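Structural features, examined
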Amino acid sequence: MPLTAGDDAPTVTAPTQDGESVTLEFDDPTVVYFYPKDDTPGCTIEANQFQREHETYQDAGVAVYGVSTDDVDSHQSFCASEGLEFDLLADPDAELAAAFDVDLRDSGVTKRTTFVLADGEVQTVYESVDPDGHARDVLLDAIDDGLVTLPE
């Protein structure tokens, strides 16, 4: 069972699609969405919709990271083919998945799970999400919950 709202956010380090190591501490509002696999239909829909909302997320001060058990090369190819401007974190050993208690399917891919984190803790968790419309829903919920605001 994944981390739940109110749990302390884990401190995690992982490589991006560019091979650069990043450490996330989740002081500022951050969305971390786990998805099964690069270049698959549902994951492509979800990534494209987070990309479509990327500027609005930035305006609201929210960082977005996608995570799957694919490697850096796969993420780099996926970002290039889909024009993604946010970072994908490579988690081939499922260490990030373990840190967030995200379950793996029998095939070794993560279940689709999204976390909204801020102030060092989990704010909201979405499990078994429908990728279509999810990026917008997460942003609207963060606004409705008063976690972020959009500039006027």
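Everything below is about the structure printed above this text.
Report on the accompanying structure. Bear in mind that the values here come from a model prediction, so they are computed numbers and not experimental data. (Residues numbered from 1 in each chain as written. Predicted model: local features only at pLDDT ≥ 70, side-chain atom pairs only at ≥ 80, totals over all residues. Heavy atoms only, no water.)

With respect to the nonpolar core
Note the cut-off: To form a nonpolar core, buried Ala, Val, Leu, Ile, Met, Phe, Trp, Tyr and Cys residues must be joined to one another through side-chain atoms within 4.5 Å. Each residue is assigned to one of three classes by its accessible area relative to the maximum for its type, calculated with a 1.4 Å probe on protein chains only: buried under 20%, partly exposed between the two thresholds, exposed over 50%. Numbering of helices and strands runs from the N terminus, with a helix taken as a DSSP run of H or I at least four residues long and a strand as a DSSP run of E at least two residues long. Note on contacts: a residue pair is in contact if any heavy atoms of the two residues lie within 4.5 Å.
Membership of the largest hydrophobic core comes to 23 residues, with the highest contact counts inside it found for Val 31, Tyr 33, Phe 50, Tyr 57 and Leu 88. Mapped onto this core, the elements with two or more residues apiece are β3 (30-34), α1 (41-52), α3 (72-82) and α5 (134-144). The dominant element in this core, judged by the number of residues it contributes, is α5, at four residues. Discounting chain neighbours no more than four positions away, the residues touching Tyr 33 are Glu 46, Ala 47, Phe 50, Val 64, Tyr 65, Gly 66, Val 67, Phe 86, Leu 88, Thr 113 and Thr 114.

Considerations on α3
Helical geometry note: an α-helix holds 3.6 residues per turn, so side chains three or four residues apart project in the same direction. Condition: Throughout, the arc means the angular range of directions from the helix axis out to the C-beta atoms.
For α3, every residue scored as buried is listed here: His 75, Phe 78 and Cys 79. Taken around the axis of α3, the buried residues stretch over an arc of 100°, which confines them to a single face. Those residues of α3 that are exposed and aimed more than 90 degrees away from the buried face are Asp 73 and Ala 80. Contacts made by the buried residues of α3 are with α1, β4 (63-68) and β5 (87-90).

Remarks on the packing of aromatic side chains
For the record, the criterion: The criterion for an aromatic pair is that two Phe, Tyr or Trp rings (for Trp, the six-membered ring) have centres within 6.5 Å, with stacked assigned to planes under 30 degrees apart, edge-to-face to planes over 60 apart and tilted to the rest.
In the structure shown here, the tally under the stated rule is 10 aromatic pairs. With a centroid separation of 6.4 Å and 65° between ring planes, the pair formed by Phe 50 and Phe 86 is classed as edge-to-face. Note that Phe 50 is positioned in helix α1 and Phe 86 in the loop between α3 and β5, a separation of 36 residues in sequence. Overall, the relative accessible area of 1% leaves Phe 50 in the buried class. Taking relative accessible area as the criterion, Phe 86 reaches 2% and is therefore assigned buried. Through a chain of ring-to-ring contacts, the aromatic side chains of Tyr 33, Tyr 35, Phe 50, Tyr 57, Phe 78 and Phe 86 assemble into a single cluster.

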